[in-house]
Amino acid sequence: MQFMLLFSRQGKLRLQKWYVPLCDKEKKKITRELVQTVLARKPKMCSFLEWRDLKIVYKRYASLYFCCAIEDQDNELITLEIIHRYVELLDKYFGSVCELDIIFNFEKAYFILDEFLLGGEAQETSKKNVLKAIEQADLLQEVRSLATA
Amino acid sequence: MSDVVEKTLTALPGLFESQTGAAKITNRLRQLIKSITELTSKHEEENLIKRELSAIKEQVSSPNTTMKQMREIMVRAMYCEMLGYDASFTYIHAIKLAQQGGVLEKRVGYLAVSLFLNEGHELLLLLVNTVLKDLQSTNLIEVCMALTVVAQVFPKDMIPAVLPLVEDKLSHPKEIIRRKAVLALYKFYLIAPNQVQHIHAKFCKALSDKDPGVMASSLHIYLQLIRESPDSYKDLTGSFVTILKQVLGGKLPVDFNYHSVPAPWLQIQLLRILSLLGKEDQSTSELMYEVLDESLRRAEMNHNITYAILYECVKAVYTIHPKAELLEKAARCIGNFVLSPKINLKYLGLKALTYVVQHDAKLALQHQMTIIECLDHSDFTIKRETLELLFRITNAQNVTVIVEKMLDFLCYVPIKTLTFAPDNSWFIQTMNDVFSIGGDLLQQDVPNNFLRLLAEGKPEEDDQLRLYAVESYLTVLKGHTSHLPQCFLQVMSWVLGEYAHLQESVDRREVIRLLTQLLDQRSVSSETRVWILSALTKIPEGQTDLILDLAESLSSSQDTVLRQQAQELRHLSQDSQLREWVLVENSCAVDSSLSFLDGFVSEALAAGAAPYKPPHQRQEELSLNLEPYSFSLPVSLSSCSITDRQSPTLLSVSSGLSGNSAELSTLILEGVKRVWGKDGYLPQKEATAPPVDEPSAAVQPASQQEAAERIEPRPEPSTQNQDKQQLASSLFVGLGVGSSVSLLGKSEAPPPRFRKKPRPHESSSSSGTSKRSSDSSSHSSRNTTDSFLYGSFPEEEPATSISTFDHTPKSTTANGLSQNKDTKEDRHANTSQILGGDMVIVRPSTIQDKHPPSVSSDLTALLPADLKDLPHSDVISLTSDPSLSLSSCRLFRDEALLLVIFISNCTETVIKDVAVQLTCEELKVCTGNVMDCLEARSTSVCHYALLMDDPHTNVSLTGTVSYQTQPGHTNTLPFSGTLSTADFIRPLVVTTEEYGKLWLSLSHDVKQNLKLLTDAGDPLRTTLNALKDALQLHVVDIIGSEGIVACRLLSGAPCLLHCRVNGAALAMWLRSPHPALPDFILYHCQRALAHH
């Protein structure tokens, strides 16, 4: 996977994860173009589109679009399921996740993503294991904040 | 849904009061986010972020800021960066935070680093020490964080520094650490393969790790390694196969299931690896056949994830050394994708097809109608993938059609995407490409739309675009221009003429020079020259000398239009006043109300002219039928309709043929050739009926009713569908041998609203076209119902001098049965025939009455005893003349179809030397039967055993009977008929077990959804029974919503049918060793159900 973007129906970026080194200018350009292109697509259209030499796989969950860029030889359907699994993870972690959870706790969303995907590849596909890792780190945080409080 | 978000946002303060604990949000961030959502303009947002960033800046540089505060600041900085603002001054603080903070701060610090910094960023060097320290930490979380950041951003040069530590982690007791270490090494391998070459042995250990997560992670590395050199890893094939088997066998912990599919990601990785290993390597491929087969078999559940696996599996099967059985299964799976109503699956199906047609182009044939539909899909992604597919199946025969489609697409894209054009230069450049590549093949509306876009824009906004265009065109014209298509030259000259003045820096003389240069080129068409001259007319002001030169040189041109323009040009350039008057700059007031015509209109009204009516009002009042009358009305109809036509309905029916109005579906002249269409005369390709038919018809009095009987619905698909099929046949030409016809037939929609006729022998009257013409028969014969032989119509009888005098109109009704069947005596006169038929002459004791049904029943009574018990069809008339009448009946024998022909002598005298000659191209040529004589009023029976080796939808039979009424005077009577494959199908009696075995051994299959008959209690049973009755199938078993049915082609190839109730449809899956048989059987099933 080359990058993952989360943006709202209004085109506001909510999360961005780049697995390939790109300069900021390029990132901004890509984001702008993609947000525009994906938002312009009609609901009945398929979740894939060819864009430059990449494949874009996107899916809308409520008001939020999840959008991944993969290479041509990659499997579009499994990418769609990666998105879904990520949503499942967010859902489990936040407890029926909504866009606001991601807006206000975006760093948490990043932590979860980093446990799930690493370097653009699926790291751990077991939901239980991912959440266990996150909870352990969180627990530490809790303990620390309790100790310092 | 976003309304909900907005609402919730307004209720935020309350929401956060209640939020505590883990999801606690720092105050400042909360405020920041909240105030940003309240803003209305981008400008306000910019100001707010600016203030925020300067506040952050102040805070980070203050020595009093604690790490805890720093953590909160960093989150805010990340937020600002995400909104697109530069917070680069915080980068160094992110690194510091990761370096100095506790675990809590480190986590945020590392996250910020991985978000802020690229691999190449120099600040990353400062991170190396921190990472080294954390990798050696005893705190697992710190090690995890360090590994995570290493696997995301790490400077290439510093890999050696951390490599030993990361390597050590491969044997860490905690699986999460091992997993992350493997992925970090994968990352290292990607950015610096040489650095990690020595640790391949350790990868191997990771592959055999007891934790599935670690093992799965190691596959990323292996996939990469094997992609680069498959040969070095062949020995691992066995291990990968074993792992895949274990995964498929559910040996992994349930945690790894995803929607109850075991570890799909792992499966896909393994399938990819296997396909790389088995590519062009038979012995390695053989190791994986079994597991691939199992993988294909397991993926049954209807969920995206199984399709993802299936797709990968299909690709693997087609990549490795081929195995026929697997290829077939995989090809069938593609059907599930392509035919899926889910658009994502359809896309993947197209992608899979694109991949597999490179191995077997014929696979595209099965899905040609879907492909055609996808070609016109509204979604560009689908359309593009379809074109990709077409590109792969391009061959010498279909290249023109495919290239045309691609150009259509090319022409369509730029105009459609205008609104998305990211910037002007890109747009102009793309259009330049389109014009120069697409050239004159582009539809005229492409340049037109483009020019309109340029012209209609607002001056301020679009001047930029025009400027780009002018600039880019000048560059183009300075290069080689001789190869440029005319339409591009025209566009360029128009734009230069209109907008060259916008570009201050451009020398007008230069523009004139470039345009004049074009005029000198021989390749430039005279039309383009006109465009160029018009452009030149618009440009000059003060460049009179150049223009005069040009006008001078053109005034001797042979082209009158050019001469004229040159003259105009000269006058205009000499007379500036005239010029100003003619070429008004940028102002053209249009009086859209046409008020200047008011005087003329009132004058005309006063003179009695009708007031103007808009076109749509005019249409309603229009009573004239503007449709052309069909020339193809049967002669009998037109001759009779002069006298006893009650209403013009019939005529309007014939004219309606060309249109597609609603009445058409119920009233269509079957058998009448379509001569006129909306666009006028349609060239006839069908073979026409023998000319002798028409005159004889003309002399026969025919009633209107009779003519009406010939009006048959034409159950052809709509014209649109036909277009598609036509397109299909041109696109897929050359892919398969002789199978395209049947495929087209298969995909054809069942006939809409078939008009049932009350007559028992409707079929025999259903077609007026000559079945002898083989190319029309394949189509028109579908219109007919379940009879196999069509009697020739009276019109088709050869007109003999005596043919009409003793025929009442009644006796020449459409079914053509001669009713003078009274038989008195018979004489046996058996003769030879090839297929073992024999001839018996029987003498019925009763006098037959004149009604066709009883005729048939009586005739069947004439059958020889050994044939009487066989199932048989109705007797239908083949042909008749005053002396002889021929009828026939089909008998379904197990090993052959018996065609029984009854020859009746209708006269009171003996008819001699009666010889029947029967021929059929597709079956076997049968030589004639000769009888010495046929006694007066007797009927003789001869029968033929017909075998069908290769299935055809329908086969046509032709034959003649010759006889002598007087010595030396031979009469011949031709007849013809059609047999369908259905007549050659016999039930195949097998047990469920045998069926199962047979099923697996069969190779060719077809799937299709059929209509389910729901009128009775058990839809499946009803449907299967209907099929059984119509097609002589054997229903092997019905289990729940599934039924298995078997049949065979006479004693030859079997065909197994697997039927499953699928909602309101019957999903039918046919298999046979014969490639075309399933298609034909399916076709007949469709027909049988449609007519039920």
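Residues numbered from 1 in each chain as written. Chains lettered and ligands numbered in written order. Predicted model: local features only at pLDDT ≥ 70, side-chain atom pairs only at ≥ 80, totals over all residues. Heavy atoms only, no water.

S.K.: Explain the side chain of B:Glu312 to me, and be specific about the residues and the numbers.
M.R.: Tracing the backbone shows B:Glu312 in helix H17 (residues 304-319). According to the relative accessible area criterion, B:Glu312 is buried, its value standing at 5%. A distance of 2.7 Å separates the side chain of B:Glu312 from the side chain of A:Asn75, its partner in a polar contact. Residues in contact with B:Glu312, not counting those within four places in the same chain, are A:Asn75, B:Ile268, B:Leu271 and B:Arg272. (Helix = DSSP H or I, 4+ residues; strand = E, 2+ residues; numbered from the N terminus. Buried < 20%, exposed > 50% of the residue type's maximum accessible area, 1.4 Å probe, protein only. Polar contact = N/O pair within 3.5 Å; in protein donor to acceptor, adjacent residues only side chain to side chain. Contact = heavy atoms within 4.5 Å.)

S.K.: Describe in detail the nonpolar core, supporting the description with residues and values.
M.R.: Core analysis: the biggest nonpolar cluster contains 213 residues, and A:Tyr86, B:Tyr79, B:Val131, B:Leu185, B:Phe188, B:Tyr222 and B:Phe240 have the highest contact counts within it. If you look at the next biggest cluster of nonpolar residues, it comprises 55 residues, including B:Ile901, B:Leu1013, B:Leu1020 and B:Cys1055. (Core = buried A, V, L, I, M, F, W, Y, C linked by side-chain atoms within 4.5 Å.)

S.K.: With reference to specific residues and values, describe the pattern of salt bridges.
M.R.: Residues and elements named next belong to chain B. Summed over all chains, the structure comprises 33 salt bridges over all chains. In this structure, Glu72 engages Arg76 in a salt bridge whose closest nitrogen and oxygen atoms are separated by 2.8 Å. Of the two residues, Glu72 and Arg76 are both situated in helix H5 (residues 67-82); the distance of 4 residues between them amounts to about one turn of the helix. Given a relative accessible area of 13%, Glu72 falls into the buried group. Of the residues examined, Arg76 reaches a relative accessible area of 0% and is grouped as buried. (Salt bridge = Lys/Arg side-chain N within 4 Å of Asp/Glu carboxyl O.)

S.K.: Account for unusual backbone geometry, naming residues and giving values.
M.R.: Positioned with a positive phi, A:Ala62 is a non-glycine residue whose angle comes to about 50°. Structurally, the position occupied by A:Ala62 is in the loop between strand S4 (54-61) and strand S5 (64-70). Using a relative accessible area of 41% as the deciding quantity, one classes A:Ala62 as partly exposed. Backbone geometry places B:His259, a non-glycine residue, at a positive phi of 50°. Structurally, B:His259 is set in the loop between strand S1 (257-258) and strand S2 (261-262).

S.K.: I'd like a description of the interface of chain A and chain B, backed by residues and values.
M.R.: The partner chain B presents 81 residues to the 72 residues of chain A that form the contact. Across the chain A to chain B interface the summed buried area is about 6,700 Å²; carbon plus sulfur atoms make up 57%. On the chain A side of the contact with chain B, A:Leu77, A:Phe104 and A:Leu118 bury the most area, a combined 11% of that side's loss. In this structure, B:Arg179 engages A:Glu124 in a salt bridge whose closest nitrogen and oxygen atoms are separated by 2.1 Å. Connecting chain A to chain B are 27 residue pairs in polar contact (both at pLDDT 80 or more). The set of elements that each furnish at least two residues to the side of chain A that touches chain B consists of strand S2 (13-18), helix H1 (24-40), strand S3 (48-51), helix H2 (76-94), helix H3 (99-104), helix H4 (106-116), strand S7 (121-122) and helix H5 (127-148) of chain A. The biggest single contributor to the side of chain A that touches chain B is H5(A), with 12 residues. A class-by-class count of the residues in the side of chain A that touches chain B yields 28 nonpolar, 15 polar and 29 charged. (Buried area = accessible area lost by both parts, 1.4 Å probe. Nonpolar A, V, L, I, M, F, W, Y, C, P; charged D, E, K, R; others polar.)

S.K.: I'd love a proper account of the environment of B:Met158, names of residues and values included.
M.R.: Residues and elements named next belong to chain B. Mapped onto the fold, Met158 is located in the loop between helix H9 (140-152) and helix H10 (159-168). We classify Met158 as partly exposed; its relative accessible area is 24%. Residue contacts for Met158: discarding those within four places in its chain leaves Leu125 and Val128.

S.K.: For a nonpolar patch on the surface, give the residues involved together with the corresponding values.
M.R.: Taken together, the side chains of B:Leu594, B:Phe596, B:Leu597, B:Phe600, B:Val601 and B:Leu605 define a hydrophobic patch exposed on the protein surface, amounting to about 590 Å² of accessible area. Here B:Phe600 lies in helix H33 (residues 598-606). (Patch = residues over 30% accessible without salt bridge, like charges linked within 9 Å, V, L, I, M, F, W, Y side chains within 5 Å. Areas by Shrake-Rupley, 256 points an atom, 1.4 Å probe, with all protein chains shown as cover.)

S.K.: Which residues make up the packing of helix H16 (residues 282-298) of chain B against helix H18 (residues 324-338) of chain B, and what values do they have?
M.R.: All names here are of chain B. Their axes nearest at 11 Å, the elements H16 and H18 cross at an angle of 25°. Between H16 and H18, the crossing angle belongs to the class labelled roughly parallel. Like other packed secondary-structure pairs, H16 and H18 cross with a definite hand, here left-handed. Here H16 contributes Tyr289, Leu292, Asp293 and Leu296 to the contact with H18, which in turn contributes Leu326, Lys329, Ala330 and Cys333. (Axes fitted to C-alpha atoms, helices over the stretch in contact; angles between N-to-C directions. Parallel < 35°, antiparallel > 145°, perpendicular 65-115°, else oblique. Left-handed = near helix turned anticlockwise from the far one by under 90°.)

S.K.: Can you lay out the packing of helix H14 (residues 237-248) of chain B against H16(B) for me, pointing to particular residues and giving the numbers?
M.R.: Residue and element names in this part refer to chain B. Close contact between H14 and H16 brings their axes to 10 Å; oriented N to C, the two are set at 15°. Classified by the angle their axes make, H14 and H16 are roughly parallel. In the packing of H14 onto H16, the handedness of the crossing is left-handed. In contact with Thr237, Val241, Leu244, Lys245 and Leu248 of H14, H16 contributes Thr284, Leu287, Met288, Glu290, Val291, Glu294, Ser295 and Arg298. Tallied by class, residues from the contact of H14 with H16 come to 6 nonpolar, 3 polar and 4 charged.

S.K.: Give me the lowdown on H17(B), citing residues and values where you can.
M.R.: With 16 residues, H17(B) extends 22 Å between its outermost C-alpha atoms, agreeing within 8% with the 22 Å of an ideal straight helix rising 1.5 Å per residue. Across the 16 residues of H17(B), 16 count as buried, placing the element largely inside the fold. (Expected span 1.5 Å × (residues − 1).)

S.K.: Which residues make up the state of the cysteines, and what values go with them?
M.R.: Put plainly, two cysteines are in a disulfide when a covalent bond ties their sulfur atoms together. Taken as a whole and assessed by the stated rule, the structure comprises 0 disulfides over all chains. Here A:Cys67 is not disulfide-linked; the sulfur of A:Cys68 is the nearest cysteine sulfur, at 6.8 Å. With no disulfide of its own, B:Cys333 has B:Cys313 as its nearest cysteine by sulfur position, at a separation of 7.5 Å. (Disulfide = S-S within 2.5 Å.)

S.K.: Explain the packing of aromatic side chains to me, using residue names and the numbers behind them.
M.R.: Residues and elements named next belong to chain A. Counted under the stated rule, the structure contains 19 aromatic pairs over all chains. Between Phe66 and Tyr86, the ring centres sit 6.2 Å apart and the planes meet at 75°, which makes this aromatic pair edge-to-face. Pair noted here: Phe66 is in strand S5 and Tyr86 is in helix H2, with a separation of 20 residues, a long-range link. Grouping residues by exposure puts Phe66 and Tyr86 together as buried. Taken together, the ring pairs in this structure connect Phe7, Tyr58 and Tyr65 into an aromatic cluster. (Phe/Tyr/Trp six-rings, centres within 6.5 Å; stacked < 30°, edge-to-face > 60°.)

S.K.: An account of the pairing of strand S18 (residues 1054-1062) of chain B is needed here, citing residue identities and associated values.
M.R.: Residues and elements named next belong to chain B. The pairing of strand S17 (residues 1042-1049) with S18 spans 7 bridges and is antiparallel. Along S18, the bridge assignment pairs Arg1048 with Pro1054. Between S17 and the antiparallel strand that follows it, S18, lie 4 residues; Leu1050 among them carries a positive phi value of about 45°. Two elements, S18 and strand S19 (residues 1065-1072), share 7 bridges in a ladder whose sense is antiparallel. From the neighbouring strand, Asn1062 faces S19, where its bridge partner is Ala1065. (Pairing = 2+ DSSP bridges.)

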